[in-house]
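Residues per chain are reported as follows:
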Amino acid sequence: MSVPQRIAITGASGLIGTALVGHLKSEGHTVQRFVRRPVVAPDEIQWDPKTGYVDIEALRGVDAIIHLAGVGVGDKRWSKKYKSEILNSRLLGTTAIAHAVNEVKPQVFISASAIGWYGESGNRAVVESDRVGDDFLAAVCREWEGAADLVTDVRTVKIRTGLVLDPTGGALGRMLPLFRFSLGGKLGNGKQWWSWITLHDVIRAITFLLENRISGPVNLTSPNPVTNQEFTSALARAMHRPALFPAPAIALKIALGGFSSEILGSKKVVPQALTDAGFTWDYPHITNALTALIQE
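Here the structure is a predicted model, which is why all the values come from computation and not from measurement.

Conventions used here
- Residues numbered from 1 in each chain as written.
- Predicted model: local features only at pLDDT ≥ 70, side-chain atom pairs only at ≥ 80, totals over all residues.
- Heavy atoms only, no water.
- Pairing = 2+ DSSP bridges.
- Helix = DSSP H or I, 4+ residues; strand = E, 2+ residues; numbered from the N terminus.
- Phe/Tyr/Trp six-rings, centres within 6.5 Å; stacked < 30°, edge-to-face > 60°.
- Buried < 20%, exposed > 50% of the residue type's maximum accessible area, 1.4 Å probe, protein only.

Enquirer: Explanation requested: the sheet that holds strand β1 (residues 6–10) in the structure shown.
Expert: Strands sit in the order β4-β3-β2-β1-β5-β6-β8-β12 across an open sheet of 8 strands; the sheet is mixed. Either end of the sheet is taken by a strand with one partner, and the two such strands are β4 (53–54) and β12 (216–220). Note: strand β3 (residues 44–48) against β4, 2 bridges, orientation antiparallel. If you follow Asp48 over to β4, its bridge partner there is Tyr53.

Put into structure tokens, the structure is as follows:
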């Protein structure tokens, strides 16, 4: 964005939020972070997603609102209680922010979603116009995006993010220690498709969406999804380690419970909206992406 803007962000302390706040500030923008506790700094805005409270007055005059908040789907086993937390953290939080957006009318509202929208796609490539899936996370994404659709008369973008790669966290951060000790390998049969994107390109894509008049669902993935076997082989090469220890599907199901369906499931997602809009990736291929990330 050529002109400095005022941008408010929920989930600012997460993997994506932390990087995004730093990037936007470096570009000269004013960034305000939503916090659930009483504010202690001028760049904070109080909100409570459970009650729907948002400090509207502190938001007035904001140019963009980016909503990233929600509990991690892979942080705990999927008990009935935690599945409820996964859904409610997204549904309640997005509903509260959507009402605030309708009140203050920023230029753009960017709301998080996920490629979980598509459910199991097998070997079939899916794009933004494909229907919602029929598993748990697809149902969550349907409710999540439905809450974002409460916004009227404001350009709204729903970012369906894939597997975000960065050595400091997320799935890659968890895999690196295993591969460093030559304990890594494919997960299950390794034939499932993983739709990935580097954190670097996520931040570039969100900035691109702020600047360009795109609306609706947008897949935040690389244009080149890979199988889990291809991913783990590329990671092993980047780390100069063998990938000798595959994790059997049954072991993952025992260890991870319901979340194992996301590790073993296949989602071959293509970022058609970004491609059509002219966005280019700095790291479109997994080999170069992982080599760059491991060297950081």
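The structure having been displayed, the exposition proceeds.
Enquirer: Even after reading the chapter, I still don't get the packing of aromatic side chains, so can you show me in this structure?
Expert: Each pair of aromatic rings is reported with the distance of its centres and the angle of its planes. Within the structure shown, the criterion is met by 5 aromatic pairs. Between Trp78 and Phe136, the ring centres sit 5.2 Å apart and the planes meet at 65°, which makes this aromatic pair edge-to-face. Of the two residues, Trp78 sits in the loop between β5 (64–67) and α3 (80–104) while Phe136 sits in helix α4 (residues 136–148), which places them 58 residues apart along the sequence. Since its relative accessible area comes to 21%, Phe136 is described here as partly exposed. Ring plane angle 55° and centroid distance 5.1 Å describe the contact between Trp194 and Phe231, whose orientation is recorded as tilted.

Enquirer: Before we go on, may I ask you to explain unusual backbone geometry in this structure?
Expert: Excluding glycine, most residues fall at negative phi; most peptide bonds, likewise, are trans. Here Lys105, not a glycine, exhibits a phi torsion of approximately 50°, which is positive. For Lys105, the location among the structural elements is in the loop between α3 and β6 (108–114). Phi angles above zero are rare outside glycine, and His240 is one such case at about 55°. Among the secondary structure elements, His240 is positioned in the loop between α7 (228–239) and α8 (249–256). Taking the relative accessible area as the measure of exposure, His240 reaches 69% and is therefore exposed.

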